[in-house]
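Chains, contacts and geometry: an overview
Chain by chain, the residues:
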Amino acid sequence: MQVVLVIIDGLGDEYIPELGGTPLEFASRNFAALNKLASEGMCGIMYPVAPGIPPSSDIGHLAIFGYDIKTEYPGRGYFEALGAGIKLRKGEVAFRVNLATVKKEGNHLIVIDRRAGRISGEEAEELYKVLDEKLKEEGLPARVLHTLEHRGVLIIKGENLLGAVTDTDPHEINAPVLMVVPWKELDEKLKPYAQKTADILNKITIISHEILKNHEINIKREKSRKPPANIILARGGGIAKTITPFKEKWGFNAAFIAAGALYKGIARALGMKEIPVKGATGTPATNLAGKVEGCMKALESGYDFVYLHIKGTDNLSHDRKPREKAEFLLKIDHVLKPLTELDDVVIIVTGDHSTSSIRGRHIGLPVPIIFWSKSIRRDPVKVFNENSCASGALGTLFGRDIMKIILDLTDRTMEIGTRPEGPALVL
Ligand code: ZN
Ligand code: ZN
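About the criteria used
- Residues numbered from 1 in each chain as written.
- Chains lettered and ligands numbered in written order.
- Predicted model: local features only at pLDDT ≥ 70, side-chain atom pairs only at ≥ 80, totals over all residues.
- Heavy atoms only, no water.
- Helix = DSSP H or I, 4+ residues; strand = E, 2+ residues; numbered from the N terminus.
- Rg over C-alpha atoms; globule rule 2.2 N^0.38 Å.
- Contact = heavy atoms within 4.5 Å.
- Donors = N, O, S within 2.8 Å, 3.2 Å for Na, K, Ca; no water.
- Tetrahedral: all angles 85-135°; square planar, octahedral: opposite > 155°, others 65-115°.
- Salt bridge = Lys/Arg side-chain N within 4 Å of Asp/Glu carboxyl O.
- Buried < 20%, exposed > 50% of the residue type's maximum accessible area, 1.4 Å probe, protein only.
- Pairing = 2+ DSSP bridges.
- Axes fitted to C-alpha atoms, helices over the stretch in contact; angles between N-to-C directions.
- Parallel < 35°, antiparallel > 145°, perpendicular 65-115°, else oblique.
- Left-handed = near helix turned anticlockwise from the far one by under 90°.
- Phe/Tyr/Trp six-rings, centres within 6.5 Å; stacked < 30°, edge-to-face > 60°.
- Lys NZ or Arg CZ within 6 Å of the ring centre and 35° of its normal.
- Domains from an automatic or database assignment.
- Buried area = accessible area lost by both parts, 1.4 Å probe.
- Expected span 1.5 Å × (residues − 1).
- Core = buried A, V, L, I, M, F, W, Y, C linked by side-chain atoms within 4.5 Å.

A word on the overall build of the protein. Helix and strand content of the protein: 15 helices and 15 strands. Whereas a compact globule of 427 residues would reach a radius of gyration of roughly 22 Å, the protein reaches 22 Å, a difference of no more than 12%. Once the C-alpha set of the protein is aligned to its principal axes, its extents read approximately 70 × 65 × 40 Å. Excluding contacts between residues fewer than 6 apart, the proportion of contacts in the protein whose partners are at least 24 apart in sequence is 73%.

On to the coordination of the zinc ion (ligand 2). At 2.0 to 2.7 Å from the zinc ion (ligand 2) lie its protein donor atoms, namely Asp314 (OD), Asp314 (OD), His318 (NE2) and His362 (NE2). Classification of the site at the zinc ion (ligand 2) rests on its four donor atoms, whose angles at the metal span 53 to 139°, yielding the label irregular. In primary sequence terms, the donor set of the zinc ion (ligand 2) follows D-x3-H-x43-H.

Quick look at the pattern of salt bridges now. Pairs can form between side chains of opposite charge whenever their charged atoms are close. Using the criterion set out here, one finds 27 salt bridges in the structure. The partner of Arg118 in a salt bridge is Asp319, with the nearest N and O atoms 2.7 Å apart. With Arg118 in the loop between β4 (108-113) and α5 (121-137) and Asp319 in the loop between α11 (312-318) and α12 (322-335), the pair connects residues that are 201 residues apart, well separated along the chain. Overall, the relative accessible area of 29% leaves Asp319 in the partly exposed class. A salt bridge links Lys374 to Asp343; the nearest nitrogen and oxygen atoms lie 3.7 Å apart. Pair noted here: Lys374 is in the loop between β14 (367-372) and α14 (386-390) and Asp343 is in the loop between α13 (337-340) and β11 (345-350), with a separation of 31 residues, a long-range link.

Before going further, it helps to spend a moment on the pairing of β4. Along any regular strand the residues' side chains alternate between the sheet's two faces. Note that strand β3 (residues 93-105) and β4 share five bridges and pair antiparallel. Across the sheet, residue Lys103 finds its bridge partner in β4, namely Ile110. The turn linking β3 back onto β4 is made up of two residues, and Gly106 within it adopts a positive phi angle of 60°.

All right, on to the packing of α5 against helix α6 (residues 191-213) then. Interaxial distance between α5 and α6 falls to 10 Å at its minimum, and their mutual angle equals 120°. Relative to α6, the element α5 is oriented oblique. α5 and α6 meet at a crossing whose hand is right-handed. Residues Leu127, Val130, Leu131, Lys134 and Leu135 of α5 form the contact with α6, whose own contacting residues are Ile204, Ile207, Ser208, Ile211 and Leu212.

The next point concerns the coordination of the zinc ion (ligand 1). Coordination of the zinc ion (ligand 1) by the protein is provided by Asp9 (OD), Asp9 (OD), Ser57 (OG), Asp352 (OD) and His353 (NE2), with metal-donor distances spanning 1.9 to 2.7 Å. Mapping the donors of the zinc ion (ligand 1) onto the primary sequence gives the spacing D-x47-S-x294-D-H. Between the zinc ion (ligand 1) and the zinc ion (ligand 2) the interatomic distance amounts to 4.6 Å. Of this pair, Asp9 sits in the loop between β1 (2-8) and α1 (23-28) while His353 is found in the loop between β11 and β12 (354-356), placing the two residues 344 residues apart along the sequence.

Following the criterion strictly, the structure yields seven aromatic pairs and no others. Relative to Phe305, the ring of Phe246 lies with its centre 4.8 Å away and its plane at 65°, an arrangement referred to as edge-to-face. Residue Phe246 is located in helix α8 (residues 246-250), and its partner Phe305 is located in strand β10 (residues 305-310); the two are separated by 59 residues in the primary sequence. As far as the burial class goes, Phe246 and Phe305 line up, both buried. An aromatic cluster is built from Phe65, Phe246, Phe252, Phe305 and Tyr307, whose rings are joined through pairwise contacts. A cation sits over an aromatic face here: Lys249 above Tyr67, 4.6 Å from the ring centre. Stacked on the ring of Phe398, the Lys or Arg Arg400 has its end atom at 4.6 Å from the ring centre.

Right, let's get into the sheet that holds β14. Strand order in the open sheet formed by eight strands is β9-β8-β10-β1-β11-β14-β2-β15, and the pairing between neighbours is mixed. The open sheet is flanked by β9 (273-274) and β15 (395-398), the only strands paired with a single partner. Note: β11 against β14, three bridges, orientation antiparallel. Paired with Ile348 across the strands is Phe371, a residue of β14. Packing of helix α2 (residues 33-40) onto the sheet brings it into contact with β2 (42-47), β11 and β14, and relative to β14 it is tilted by some 70°.

Moving on: the domain arrangement of the protein. Taken domain by domain, the protein consists of domain 1 (2-71 + 243-409) and domain 2 (80-238). In this structure, domain 1 and domain 2 have C-alpha centres spaced 30 Å apart. At the junction of the two partners, domain 1 supplies 15 residues and domain 2 supplies 11 residues. Note on domain 1 versus domain 2: buried area summed over both sides is about 950 Å², and carbon and sulfur give 53% of it. In this structure, the connection of domain 1 to domain 2 is made through one salt bridge.

Between the first and last C-alpha of α6 there are 33 Å, a value that for 23 residues agrees with the 33 Å anticipated at 1.5 Å per step. Among all positions in α6, only Ala194, Thr197, Ala198, Ile200, Leu201, Asn202, Ile204, Thr205, Ile207, Ser208, His209 and Leu212 are buried.

All right, on to the nonpolar core then. Counting residues in hydrophobic clusters, the biggest one holds 46 residues, and the most contacted among them are Phe65, Phe246 and Phe305. Two domains each put at least three residues into this core: domain 1 (2-71 + 243-409) and domain 2 (80-238). Setting aside residues no more than four positions away along its own chain, Phe305 makes contact with Val3, Leu5, Phe65, Phe246, Phe252, Asn253, Ala254, Ala255, Met403 and Ile406. Counting residues in hydrophobic clusters, the runner-up holds 43 residues, among them Val6, Ile45, Ile332 and Leu342.

Shown next as structure tokens:
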């Protein structure tokens, strides 16, 4: 039996008065495919990590894929680099960076827009290139690369570096860009290595502002009232780490369809095979139908686990656009129809965390989840949203439960207490 896991990024949300519910509750009134799956499946709600803990996307994903985030998490930068096509070498530290907008106030830089108006395309590409060249010119052991929209990866090379440092990104607006320091809980013996990394990152941050603030692209952007992309903000230091492949952990030969560097990086790190889709952008303008076609192709090619990631919902929540999020959810529902016509497949639809369209950030509330197959026990839930799934038969689940339920539904589990593990008896 094959498995399709659809992760709609930042799926859950909060109550939006103008919609009379969450964006998902609002959209679900007109769902066809998702409500069919909910009606014919078993539903519940899921905390990717734990109640009240807002996960980052990588941690939400790893938890759902059944990995222990305490022992198996290399740091976000590792996945971002891998997603950009770079495998970190020993001694290298990678960070996720954003092009952002700041203004100078006294001796501080105040963040106005953490994504510089979601700058993208040639402008973003060029600014990352200019900064990369400047780092080289300054003799800094670092390089920076553009991935999607405002996003990029910063890689610091050298010996005795450590990713256990704090972020320059304050994660909110009207707050100052932060100085990087070693994690306070870090072993004292390791602090000098983290401090070395922090010093380089602080220097790069200041250089990025100096070189980008006067660039012609930004002068033009300011003239047309767009926020200038005049700094890079860094977070999530990561190092090379061996992670148990998905196949070894769960026995599935997996493929993935995702556009964002982080998601590609996670899937690549776990050894999943990429199914490329033209026009997949990781934004609400993505080629949704193409992604579902890619999923069907992966199933036809014999992969027994397909991970399909859809990012636009999270972008719209961060941008505080609940109505647009609801509209995008309807588009997702529309393209999922072919999946509901499959036979020998288990389908799971959920999110990697909730993102509030009011607060513009990830929150610790659970996400709804559907498990569907032709023979699964059906519960009374008819509609796919946060509230109706909360009364589903699966109740409250955690990210770490999901793969185990999938193994059970695909007949890959063994009764607890039985041990048919030895070699064949020899006569
Ligand atoms: Zn996410
Ligand atoms: Zn997000």
